[in-house]
Amino acid sequence: MTAVLFDLDGTLLDTAPDLRRALNEVLAAQGLPLKSLDEVRPHATHGTKSLLNLGFGEGAFERQELREAFWAAYLRDISQETRLFPGVAELVAALNAAAIPWGIVTNKITQLTVAALPHFPELDACQALVCGDTLAERKPHPAPLLHAAALLGSDPRHCLYLGDALTDMEAARDAGMQGLVASWGYVDQDHPHWPARAVLARPQALLEWCKISRSDA
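Draft legend 1. Molecular detail of the sheet that holds strand β4 (residues 102-105). If you walk across this open sheet you meet the 6 strands as β5-β4-β1-β6-β7-β8, and the pairing is parallel. Of all the strands in the sheet, the pair left with one neighbour each is β5 (129-130) and β8 (198-200). Two strands pair when backbone bridges link them, and strand β1 (residues 3-6) and strand β6 (residues 159-163) are joined in this way by 4 bridges, in the parallel orientation. Opposite Ala-3, over in β6, you have Cys-159 as the bridge partner. Docked against the sheet, helix α7 (residues 143-152) engages β1, β4, β5 and β6, running at close to 140° with respect to β1.

Right under this line is the structure:
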């Protein structure tokens, strides 16, 4: 293993509360029922399309005014309730201490990603950032993962990819990487059956895959 790649929402960051806040702001403006956090969480990892379809029905993402209203609401206070998942800071610190390069591959668009990341200095050492609009393809296509591996100068066969969605594991498989499920994220109930090498219960479990001892961290 020479490099580690991460999904963002539902893997490194618990963004669901702020995504819910933004969605509810747009719903309230339309006089529609608000959504609970439990309703939003399963959709958070799938991005704006899934969230808008949850609130407004199928096809809502195609309405430009809804997309722009949602993004504007989200950007107004993008880190109000967003937090690193417990254990993520320690995991990233251990990778940094062991000089293992790591990056982020997310389907979140660049505008939202670069607005969120500065609020979390623990992630400053990210050496490769690939967003949903960086390339023509996005996950589950393997191209974003392969591009990130190239940015890190790593052979994809020696990369790990940690994510919380089926699309993450499909992308990792097709990129020839080892896909690991972040079960603390927004996983579906069928996640044990995804095409992954393992399901991790907590971020620090990744250290075992990287062969990093606690004394190295």
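Draft legend 2. Expanded view of the packing of helix α1 (residues 16-29) against helix α3 (residues 47-56). In contact at an axis separation of 10 Å, α1 and α3 are set at 40° when each is read in the N-to-C sense. By the angle between their directions, the pair α1 and α3 is classed as oblique. Handedness of the crossing formed by α1 with α3: right-handed. Contacts between α1 and α3 involve Leu-19, Leu-23, Val-26 and Leu-27 on the former and, on the latter, Leu-51, Leu-52, Leu-54, Gly-55 and Phe-56. Across the contact of α1 with α3, the residue classes tally to 8 nonpolar, 1 polar and no charged.

Draft legend 3. Here's a closer look at the pattern of salt bridges. For the coordinates displayed, the defined rule picks out 9 salt bridges. With its nearest N and O atoms 3.0 Å apart, the salt bridge here joins Lys-139 to Asp-7. Separated by 132 residues along the polypeptide, Lys-139 in the loop between β5 and α7 and Asp-7 in the loop between β1 and β2 (13-14) bring together distant segments of the chain. Overall, Asp-7 belongs to the buried group, its relative accessible area being 4%. Between Arg-157 and Asp-155 there is a salt bridge, with the nearest N and O atoms lying 2.6 Å from each other. Arg-157 sits in the exposed class, given a relative accessible area of 58%. With a relative accessible area of 27%, Asp-155 lands in the partly exposed category. The network of salt bridges with shared partners includes Asp-7, Lys-139 and Asp-168.

The rules we used
- Residues numbered from 1 in each chain as written.
- Predicted model: local features only at pLDDT ≥ 70, side-chain atom pairs only at ≥ 80, totals over all residues.
- Heavy atoms only, no water.
- Pairing = 2+ DSSP bridges.
- Helix = DSSP H or I, 4+ residues; strand = E, 2+ residues; numbered from the N terminus.
- Contact = heavy atoms within 4.5 Å.
- Axes fitted to C-alpha atoms, helices over the stretch in contact; angles between N-to-C directions.
- Parallel < 35°, antiparallel > 145°, perpendicular 65-115°, else oblique.
- Left-handed = near helix turned anticlockwise from the far one by under 90°.
- Nonpolar A, V, L, I, M, F, W, Y, C, P; charged D, E, K, R; others polar.
- Salt bridge = Lys/Arg side-chain N within 4 Å of Asp/Glu carboxyl O.
- Buried < 20%, exposed > 50% of the residue type's maximum accessible area, 1.4 Å probe, protein only.

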